[in-house]
Amino acid sequence: MSLTNVSTANIIKKQYIHKMTSYRDAWKSLIITQLIALAISSFSTGGGTTSGDFYSINVTNYSVDVVFFFTVFWAFIASFLVTTNSYTYEDFSYVSNRTTSAVSAILFVASITTIAAIFTMLSSYFIFMVMYLTQDVNILYGSNTIGDFSEILSSFAAVWGYLLLASSVGYIIGALVQISRIFSLVIPVLIFLPGFMNVQVPILTDVVTFFTTETSVMMFTMKVLITAILLFMLGWLLSAKKEVRTW
Amino acid sequence: MSLTNVSTANIIKKQYIHKMTSYRDAWKSLIITQLIALAISSFSTGGGTTSGDFYSINVTNYSVDVVFFFTVFWAFIASFLVTTNSYTYEDFSYVSNRTTSAVSAILFVASITTIAAIFTMLSSYFIFMVMYLTQDVNILYGSNTIGDFSEILSSFAAVWGYLLLASSVGYIIGALVQISRIFSLVIPVLIFLPGFMNVQVPILTDVVTFFTTETSVMMFTMKVLITAILLFMLGWLLSAKKEVRTW
Amino acid sequence: MNVIECRQAEKKYRGEHGILHADFTIRENTITGVIGRNGAGKTTLLKMLAGYLKPTGGEVKVFGERPFNSLKVSANSMYLDEFTVYSDSTPIGELFQHHRRFYPNWDQQLAVELLAYFSISQKAVRGSLSKGQRNTLHGIIGLAARCPLTIFDEPTTGMDASVRKDFYRALLKDYLTHPRTILISSHHLDEIEDLLEDIVLIDLGKIILHLPVEELKEFGMAISGPAAAVNNWIQHKTVIARKEEASGMVTVIVKNDFTAADKATAAGLRFSPVSASDMSIYLTNREKGGIDDVFNKRQYS
Amino acid sequence: MNVIECRQAEKKYRGEHGILHADFTIRENTITGVIGRNGAGKTTLLKMLAGYLKPTGGEVKVFGERPFNSLKVSANSMYLDEFTVYSDSTPIGELFQHHRRFYPNWDQQLAVELLAYFSISQKAVRGSLSKGQRNTLHGIIGLAARCPLTIFDEPTTGMDASVRKDFYRALLKDYLTHPRTILISSHHLDEIEDLLEDIVLIDLGKIILHLPVEELKEFGMAISGPAAAVNNWIQHKTVIARKEEASGMVTVIVKNDFTAADKATAAGLRFSPVSASDMSIYLTNREKGGIDDVFNKRQYS
């Protein structure tokens, strides 16, 4: 039987198609996440009442912040899970080497993150529409809800940036945990330590400052992209020597 | 062959012994957690320098807060893991019903939590001793480091209370996740939402207030004990109808 | 005394049926083989008996109690298969100690000697064993625990030929000195039929036969001969299977309920017995052509 | 052309050896059986060939390349066992489509027809299949993918008797029309020996024999007779195994390298051939008593 010649690019493409169609859990969980977040958002998330002698204004803010937060969390978990053994091993049940497996996984994670960002943007229109149709009140447009095209574009870039960042962090942590279980204890503690206590992990603070103090969306997106690519590449290097199914 | 008669209490005792001796991962991870936390603590975690014309005082606070925080996190994870299928199924490889399996697991979790509390207390002595022996300086005793017996007892009660609370929360969340995977997404988001955003989950805030505003250690311990027992019992009820190894 | 009594027991999974209307009893101190094709429901039935799964209908009783969530059944029964969960990081010697604590009849000496015989170290952890060795370990545990009801679900998966032979021999030896109720499921009936007393044959979730092995061996008869003669003779007989051969010869498996006089009328036909293993294949065969048809239809054949 | 070439290949796990000094070649378009006792290292060897594990020493070449991390080897080889990972939630029909995309030789029609023959629905998800059905599915995939190198590691685990027979027959039929290199490991050599051309026999991590099945069948000879006569005749012969019987009779397995003249001197001794399956048991037996000794030592025996 004659041998098949394959190119790396071709196999990456096939593995990418395979992942996009068969990782149902990732898609399912995205939809569930969005629905739960929308349900929570539909309770008001802030506001107040001002009343004078002859009038009373009831201000209610409807926010997609909840949707955004849920989706960031989902992006982290989903790309963390993509690095686990059972997904990696499936690549080798078909045709794969470590490079194609890692690159196709990264492309997949980047793709679902982008789609999740679009979903998150659509949620804001969805909430707007629901309120517009069901509430018999004046709507006070906020600058962070519905704006013109350039505003939409820049908020999309910001949402997408945070999601990509979350998924690249999830990916690298997943790769670390695959190497040693100890990371599954150390990493979450290091992340949450500063929030709960006065202990400062110096680098972590700098990292947070690096992203949150950036005011230009353009620059922010660049920073995120470069960071994500570096993290993805590191995760790929970490998995390069791994054996398949030692059991 | 004549049948063996067994009592529930007797099997619970045997399962408890089995868990205490064969759940090596729980013990190993406790020791690793304490060591990592001690290593981090040995960097100073605060302090400052005051200097006048003729003197300079260099104040360094060594704190066991890091150890405490790591251990709380460990207690949560360890009891979360105890509810996973592989541990439950092992009970049924020996002799078990759902009651003995749950009760022995709860007793095990309560036991390791207590031992972890003792370890955490000892850590404070350990840090004290290391500093005393290695640093050629005057030690300013703080009220929260080494005190008299009643102080030790009350800080032990506080530490133990928080650990038990963390492990009972881990246990109930584990039981929920065993029922449906959706909880593994929803619960962490609900917990971290308030910390990251301005969204308030009303009940959660009340719960936090309920424990943190309590000034009497005695009352705090009582509150914790009752809450933990309620959570453990709920977790037990949730697992009461589960089938074993459907694969 | 009956150890197991099932009345119309049923287990459905999301619409699909695992087991339907199971109606049977197992006497104390017998070795019964549970035989059936893939997906017939053997494992579902055995797990229901062990109290792992909850029946969705009918009644399952083991030692007079419903096994699901029964401590009495759990203490007196053991279900062992390839996937039985034991901690992977516990040394085997310690695993034996745990069993000793839980099972009053546990024979520590037997366990240790069998383990040594099969060249497995007491210090080894279960996670480091190969699949065959893991099943050997489970087999040893099942024997040494001496549970009044021991259920082996395909115990010899991954065992090599000589280990299988030794395991079955050990099972028989131990059973003879310590009689108890044993259920074994296996896809190699030929290897265990000498061991078994009774056979439960399951097909498509239903128990289609439950009888002593000896009766299954005599259940059918193969009749070979020229097609016309065979066809003539088998009128009014219960035909179980039929195989045409190229030369115009035919082999037919019929139920062995004909009389000696019947047999005398069959001049020129060859009668041969059917092994228990072959008989259970015939009894559970789907009506379809052979595997060759899949290939013969194709152009390249 | 040699598809597989191993030179002193070695795989160690934390001190323990999986495979030691493996030195062998496999020609193109042969069916080779990989036989050995539990824990001998069969799976380690096969996974090394598939590029799953990285050798710790020596050289492994498949299609002229080191298989670990080789895309060429991955594209042209397939390793299938009970644990092969496919998404549990993907319907089987879709699983086939994925294979069709990855494997240019994939025969969709064959896959679909075999699946139907074995009564598995294309809509079923793999997670809902029983163990035997899952292995049947893996077998079908291995056949339909038509990889130049196909490795089946205990493919019939959990399959019932008739499915096993059908699977091996399908394998042979497909191999005849589409010759390729196939490796099969199995603990039921008797079931596959008619299928195999060559046999690789592994023991304790070492390859102790690699020869055509026919030669293994003639490798040894069993000589039975009264102890004295047998002992006299076997001087200067290579004795492989020896079985004393109670009646003073002895059976000895000797290497079949004696001449016809030798045989003529053996008056009154009975010569009988040894099956390939039995031969490989004898060749890999540890020096120890039988399983009966474990029980005979005990007081209750």
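Here the structure is a predicted model, which means the values were calculated and not measured. (Residues numbered from 1 in each chain as written. Chains lettered and ligands numbered in written order. Predicted model: local features only at pLDDT ≥ 70, side-chain atom pairs only at ≥ 80, totals over all residues. Heavy atoms only, no water.)

> In this structure, what is going on with the overall build of chain C? I would like to understand it.
In terms of regular secondary structure, chain C is built from 12 helices and 13 strands. Overall, chain C is about 65 × 45 × 45 Å in size when its C-alpha atoms are taken along their principal axes. A burial count over chain C gives 59% of its 301 residues as buried. Considering only intrachain contacts with a sequence separation of at least 6, the fraction spanning at least 24 residues in chain C is 65%. Element-wise, carbon and sulfur atoms account for 49% of the exposed surface of chain C, whose accessible area totals about 11800 Å². (Helix = DSSP H or I, 4+ residues; strand = E, 2+ residues; numbered from the N terminus. Buried < 20%, exposed > 50% of the residue type's maximum accessible area, 1.4 Å probe, protein only. Contact = heavy atoms within 4.5 Å. Areas by Shrake-Rupley, 256 points an atom, 1.4 Å probe, with all protein chains shown as cover.)

> For this particular structure, what's the right way to read the pairing of strand β6 (residues 149–153) of chain C?
Across a regular strand the side chains alternate sides, sitting on one face of the sheet and then on the other. Residue and element names in this part refer to chain C. By the criterion of burial, β6 is predominantly enclosed, with five of the five residues buried. Here β6 shows a buried face lined by Leu149, Ile151 and Asp153 and a second buried face lined by Thr150 and Phe152. With four bridges joining them, strand β5 (residues 77–80) and β6 adopt parallel strand pairing. Bridge pairing in β6 links Leu80 to Phe152. Of the pairings in the sheet, the one linking β6 to strand β7 (residues 181–185) comprises five bridges and is parallel in character. Looking at the pairing, Phe152 lines up with Ile184 of β7. A crossover connection joins β6 to the parallel β7 through helix α6 (residues 161–177); in handedness this β-α-β unit is right-handed. (Pairing = 2+ DSSP bridges. Right-handed = clockwise from strand over helix to strand, strands pointing away.)

> It is not clear to me how the nonpolar core should be interpreted in this structure. Could you clarify?
Soluble globular proteins: nonpolar side chains tend toward being buried together. If you look at the biggest cluster of nonpolar residues, it comprises 63 residues, and the most contacted ones within it are C:Phe96 and C:Leu114. Ignoring anything within four residues of it in the chain, the contact list for C:Leu114 reads C:Ile140, C:Leu143, C:Ala170, D:Ile291, D:Val294 and D:Phe295. With 62 residues, the next largest nonpolar core counts D:Ala111, D:Leu129, D:Leu137 and D:Tyr168 among its residues. (Core = buried A, V, L, I, M, F, W, Y, C linked by side-chain atoms within 4.5 Å.)

> What is the right way to look at the packing of helix α3 (residues 65–82) of chain A against helix α6 (residues 149–179) of chain A in this model?
To characterise two packed helices, one gives the angle between the axes of the helices and the distance between these axes. Residue and element names in this part refer to chain A. Contact geometry of α3 with α6 gives a least axis separation of 7 Å together with a crossing angle of 30 degrees. In terms of their interaxial angle, α3 and α6 are classed as roughly parallel. Regarding α3 and α6, the two cross each other, and that crossing is right-handed. The segment α3 lies against α6, with Phe68, Thr71, Val72, Ala75, Phe76, Ser79 and Phe80 engaging Val159, Tyr162, Leu163, Ala166, Ser167, Val169, Gly170, Tyr171, Ile173, Gly174 and Val177. A class-by-class count of the residues in the contact of α3 with α6 yields 13 nonpolar, five polar and no charged. (Axes fitted to C-alpha atoms, helices over the stretch in contact; angles between N-to-C directions. Parallel < 35°, antiparallel > 145°, perpendicular 65-115°, else oblique. Left-handed = near helix turned anticlockwise from the far one by under 90°. Nonpolar A, V, L, I, M, F, W, Y, C, P; charged D, E, K, R; others polar.)

> Even after reading the chapter, I still don't get the interface of chain D and chain A, so can you show me in this structure?
Quite often, the size of an interface is put as the accessible area lost when its parts meet. Across the contact, 41 residues belong to chain D and 34 residues belong to chain A. Overall, the association of chain D and chain A removes approximately 3400 Å² of surface from exposure, summing both partners, and the carbon and sulfur fraction of that is 56%. Broken down residue by residue, the surface that chain D buries against chain A is led by D:Tyr52, D:Leu71 and D:Phe102, which jointly contribute 23%. The interface formed by chain D and chain A contains two salt bridges. Between D:Lys11 and A:Glu243 there is a salt bridge, and its shortest N-O distance comes to 2.7 Å. (Buried area = accessible area lost by both parts, 1.4 Å probe. Salt bridge = Lys/Arg side-chain N within 4 Å of Asp/Glu carboxyl O.)

> In this structure, what is going on with the sheet that holds strand β11 (residues 239–244) of chain C? I would like to understand it.
Strand pairing within a sheet occurs via backbone hydrogen bonds; the two strands may be parallel or antiparallel. All names here are of chain C. If you trace the four strands from one edge of the open sheet to the other, you get β11-β12-β10-β13, paired in antiparallel fashion. Edge strands, defined here as strands with exactly one partner in the open sheet, are β11 and β13 (270–273). Within this sheet the neighbouring strands show an average axis-to-axis angle of 20 degrees, counted without direction. Taken strand by strand, helix α11 (residues 276–283) contacts β10 (220–226), β11 and β12 (249–255), and its axis lies near 95 degrees from that of β11.

> Is there a simple way to think about helix α4 (residues 85–93) of chain A in this case?
Residues lying three or four places apart along an α-helix face the same way, a consequence of the helix completing one turn every 3.6 residues. Counting buried positions along α4(A) gives seven out of nine residues, so the element sits mostly inside the fold. Among the residues making up α4(A), those that are buried are A:Tyr87, A:Thr88, A:Tyr89, A:Glu90, A:Asp91, A:Phe92 and A:Ser93.

> It is not clear to me how the sheet that holds strand β12 (residues 249–255) of chain D should be interpreted in this structure. Could you clarify?
All names here are of chain D. Pairing within the open sheet is antiparallel, and its four strands lie in the order β11-β12-β10-β13. The open sheet is flanked by β11 (239–244) and β13 (270–273), the only strands paired with a single partner. Between one strand and the next, the sheet's axes are offset by a mean angle of 20 degrees, whatever the strand orientation. Pairing geometry for strand β10 (residues 220–226) and β12, over seven bridges, is antiparallel. Across the sheet, Gly225 pairs through a bridge with Val250, a residue of β12. Where helix α11 (residues 276–283) meets the sheet, it contacts β10, β11 and β12, and its direction lies at approximately 95 degrees from that of β11.

> Would you explain the pattern of salt bridges in this entry?
A side chain of one charge can pair with a side chain of the opposite charge when the charged atoms of the two come close. Evaluation of the coordinates by the stated rule reveals 34 salt bridges over all chains. For D:Arg126, the salt bridge identified is with D:Asp88, shortest N-O distance 3.0 Å. Of this pair, D:Arg126 sits in the loop between α4 (108–117) and α5 (131–145) while D:Asp88 sits in the loop between β5 (77–80) and α3 (92–102), placing them 38 residues apart in sequence. Using a relative accessible area of 7% as the deciding quantity, one classes D:Arg126 as buried. Residues joined in a network through salt bridges with shared partners are C:Asp107, C:Arg146, C:Asp174 and C:Arg180.

> Would you mind showing me how to read the layout of surface pockets here?
One simple way to see leftover space: roll a probe sized like a water molecule over the atoms. For the second largest pocket, the calculated volume is near 1300 Å³. Those elements that place two or more of their residues in the lining of the second largest pocket are α7 (189–192), β11, β12, α11 and α12 (291–296) of chain C together with α6 (161–177) and α7 (189–192) of chain D. Element by element, the count of residues in the lining of the second largest pocket is highest for α6(D), at eight residues. In terms of residue class, the lining of the second largest pocket is built from 14 nonpolar, eight polar and 17 charged. (1 Å grid on protein atoms, 1.4 Å probe; cavity = no way out; pocket = protein on both sides within 12 Å on 5 of 7 lines; lining within 4 Å. Points joined across faces, edges and corners; volume = space filled by probe spheres on them.)

> In this structure, what is going on with the interface of chain D and chain C? I would like to understand it.
Each partner contributes to the interface: chain D provides 53 residues, whereas chain C provides 54 residues. Applying the counting rule to chain D against chain C returns six salt bridges. Of the charged contacts in the structure, one is a salt bridge between D:Asp292 and C:Arg169, with a shortest N-O distance of 2.6 Å. At the junction of chain D with chain C, the criterion picks out 21 residue pairs in polar contact (both at pLDDT 80 or more). Elements with a minimum of two residues in the side of chain D that touches chain C: α4, α5, α6 and α12 (291–296) of chain D. For the side of chain D that touches chain C, the leading source of residues is α6(D), giving 10 residues. (Polar contact = N/O pair within 3.5 Å; in protein donor to acceptor, adjacent residues only side chain to side chain.)

> Explain the relation of the copies chain D and chain C here, please?
Both copies of the chain are related through a single rotation about an axis accompanied by a shift along the same axis. Between chain D and chain C, the superposition needs a rotation of 180 degrees and an axial shift of 0.0 Å, giving an RMSD of 0.1 Å. Here the transformation between the copies is reduced to the relation of a two-fold axis. Identified as the residue of chain D closest to the rotation axis by C-alpha distance is D:Thr157, at 3.2 Å. A shared binding surface is used by both copies, with 100% of the interface residues of chain D retained as interface residues in chain C. (Least-squares fit on C-alpha atoms with pLDDT ≥ 70 in both.)

> I would appreciate a short explanation of unusual backbone geometry in the present structure.
A negative phi angle is the norm for most residues apart from glycine, just as the trans form is the norm for most peptide bonds. Phi is positive for C:Gln8, close to 50 degrees, though the residue is something other than glycine. Topologically, C:Gln8 is positioned in strand β1 (residues 2–13). Here C:Gln8 falls in the partly exposed class, since its relative accessible area comes to 40%. Phi angles above zero are rare outside glycine, and D:Phe63 is one such case at about 50 degrees. Considering the arrangement of structural elements, one finds D:Phe63 in the loop between β4 (57–62) and α2 (71–76).

> Honestly, the pairing of β10(C) in this entry has me stumped. Any pointers?
All names here are of chain C. β10 sits mainly inside the fold: six of its seven residues count as buried. Where β10 and β13 come together, four bridges link them in antiparallel fashion. Its bridge partner being in β13, Ile223 is matched across the sheet by Phe271.

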